[in-house]
Amino acid sequence: MTHDVADTARVREIEPDADTSRAFREALGRYATGVTVVTVNSEIGPLGITANSFASVSLDPPLILWAPARLSQRFAAFAAARHFAIHVIGAEQRHISDGFSRSGTAWKGLAWERNELGVPLIDGCLARFECEAVATYPGGDHCIVVAEVARVTWRDGVPLVFSQGRYGPFENPAAVG
């Protein structure tokens with residue numbers, strides 16, 4: 001006997017507004033995302049921030065986007081940065097994500113260097129995109145930053161994934177089934 005998802009799970013429905021923002025966020029959490037750390041060189045030195053608002057936009061030209069939150073104390077440095085790097089975090093690197101979600105200066109114990117433009121680059125991440133901002137757009141409580149990718153570095157590995165308020169690794173379906 002097969003069951004429809006609606007038969008076994010409570011289905012909720014809202015009209016998103018200020019009074020239902022928590023429920024809207026909960027619904028958005030059903031979409032699993034990768035975990036990234038974005039880094040910039042700022043007036044106070046190297047800064048990082050954990051972000052899951054990252055997406056590919058175009059292959060030709062190679063464009064990505066990410067969206068820093070306007071309420072972040074680090075917003076000004078990231079929204080104004082012309083050059084930055086986005087680091088895709090591996091499942092074994094949760095400590096990097098945790099560090100930069102708490103502090104923009106969580107560099108202690110990390111292997112990192114600066115590129116020729118001064119952008120801090122974290123070594124050993126699953127993937128790294130060195131970028132130049134080409135446009136920014138208002139995005140409600142975020143700013144949408146579109147950037148051209150100048151250089152990409154990557155390795156094999158399992159990504160750290162965030163869904164429904166929790167971290168976890170991606171399970172390879174071929175390995176499970």
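Please read all numbers here as calculations on a predicted model, not as lab measurements.

## As for the nonpolar core
- Within the largest apolar cluster, 21 residues are counted, with the highest numbers of intra-cluster contacts made by Val 38, Ile 64, Trp 66, Phe 78, Phe 84 and Cys 131.
- Of all the secondary structure elements, the ones that give two or more residues to this core are β2 (36-42), β3 (45-51), β5 (63-66), α3 (75-80), β6 (83-88), β9 (127-139) and β10 (142-154).
- Ranked by residue count, the leading element in this core is β10, at 4 residues.
- Not counting chain neighbours up to four residues away, the residues in contact with Val 38 comprise Leu 47, Gly 48, Ile 49, Ala 51, Trp 66, Phe 78, Phe 84, Ala 85 and Ile 86.
- Ile 89, Ile 96, Ala 106 and Trp 107 belong to the second-largest nonpolar core, a separate cluster that totals 11 residues.

## Considerations on unusual backbone geometry
- Omega for the bond connecting Asp 60 with Pro 61 falls within 30 degrees of zero, at 5°, which places this linkage in the cis form.
- As for its placement among the helices and strands, Pro 61 is situated in the loop between β4 (54-58) and β5.
- In this structure, Gln 164 takes a positive phi of about 55° despite not being glycine.
- Mapped onto the elements, Gln 164 comes out in the loop between β11 (160-163) and β12 (166-169).

## Focus on the environment of Ala 106
- The topology assignment puts Ala 106 in the loop between α4 (94-102) and β7 (112-114).
- With 58 residues separating them in the primary sequence, Ala 106 and Gly 48 have C-alpha atoms 7.5 Å apart.
- Once residues lying within four places of it in the same chain are set aside, the contact partners of Ala 106 are Gly 99 and Phe 100.

## A closer look at the pairing of β4
- Relative to β5, β4 is paired through 4 bridges, and the arrangement is antiparallel. Along β5, the bridge assignment pairs Ala 55 with Leu 65.
- Between the end of β4 and the start of β5, which pair antiparallel, lie 4 residues.

## Focus on a negative patch on the surface
- Taken together, Glu 13, Glu 15, Asp 17 and Asp 19 make up a surface patch of like negative charges.
- Looking at the secondary structure, you find Asp 17 in the loop between α1 (5-8) and α2 (21-28).
- Judged by relative accessible area, Asp 17 falls into the partly exposed class, the value being 42%.

## What to know about the sheet that holds β3
- Spatial strand order, β3-β2-β6-β9-β10-β5-β4: 7 strands in an open sheet with antiparallel pairing. Looking along the sheet, the strands with just one partner apiece sit at the ends: β3 and β4. Strand-to-strand, the axes of this sheet are offset by a mean angle of 35°, without reference to chain direction.
- By the bridge criterion, 12 bridges tie β9 to β10 in an arrangement that is antiparallel. Its bridge partner lying in β10, Cys 131 is registered against Val 149.
- Lying over the sheet, α4 contacts β2 and β3, oriented at roughly 110° with respect to β3.

## Some words on the packing of aromatic side chains
- In the structure shown here, the tally under the stated rule is 6 aromatic pairs.
- Look at Phe 54 and Phe 129: their rings are 5.7 Å apart centre to centre, the planes differ by 40°, and that puts the pair in the tilted class. Of the two residues, Phe 54 sits in strand β4 while Phe 129 sits in strand β9, which places them 75 residues apart along the sequence.
- For Phe 54, a relative accessible area of 26% translates into the label partly exposed.
- An angle of 85° between the planes, with centres 5.8 Å apart, marks the rings of Trp 66 and Phe 78 as edge-to-face. Residue Trp 66 is found in strand β5, and its partner Phe 78 is found in helix α3; the two are separated by 12 residues along the sequence. Just as Trp 66 is buried, Phe 78 falls in that class too.
- Each member of the aromatic cluster is reached from another via a ring pair, and the members are Trp 66, Phe 78 and Phe 84.

Rules used in this analysis
Residues numbered from 1 in each chain as written. Predicted model: local features only at pLDDT ≥ 70, side-chain atom pairs only at ≥ 80, totals over all residues. Heavy atoms only, no water. Core = buried A, V, L, I, M, F, W, Y, C linked by side-chain atoms within 4.5 Å. Buried < 20%, exposed > 50% of the residue type's maximum accessible area, 1.4 Å probe, protein only. Helix = DSSP H or I, 4+ residues; strand = E, 2+ residues; numbered from the N terminus. Contact = heavy atoms within 4.5 Å. Pairing = 2+ DSSP bridges. Patch = residues over 30% accessible without salt bridge, like charges linked within 9 Å, V, L, I, M, F, W, Y side chains within 5 Å. Areas by Shrake-Rupley, 256 points an atom, 1.4 Å probe, with all protein chains shown as cover. Salt bridge = Lys/Arg side-chain N within 4 Å of Asp/Glu carboxyl O. Lys, Arg positive; Asp, Glu negative; His and termini not counted. Charge placed at Lys NZ, Arg CZ, Asp CG, Glu CD. Axes fitted to C-alpha atoms, helices over the stretch in contact; angles between N-to-C directions. Phe/Tyr/Trp six-rings, centres within 6.5 Å; stacked < 30°, edge-to-face > 60°.

Purely geometric stuff here, so don't read any function into it on its own.
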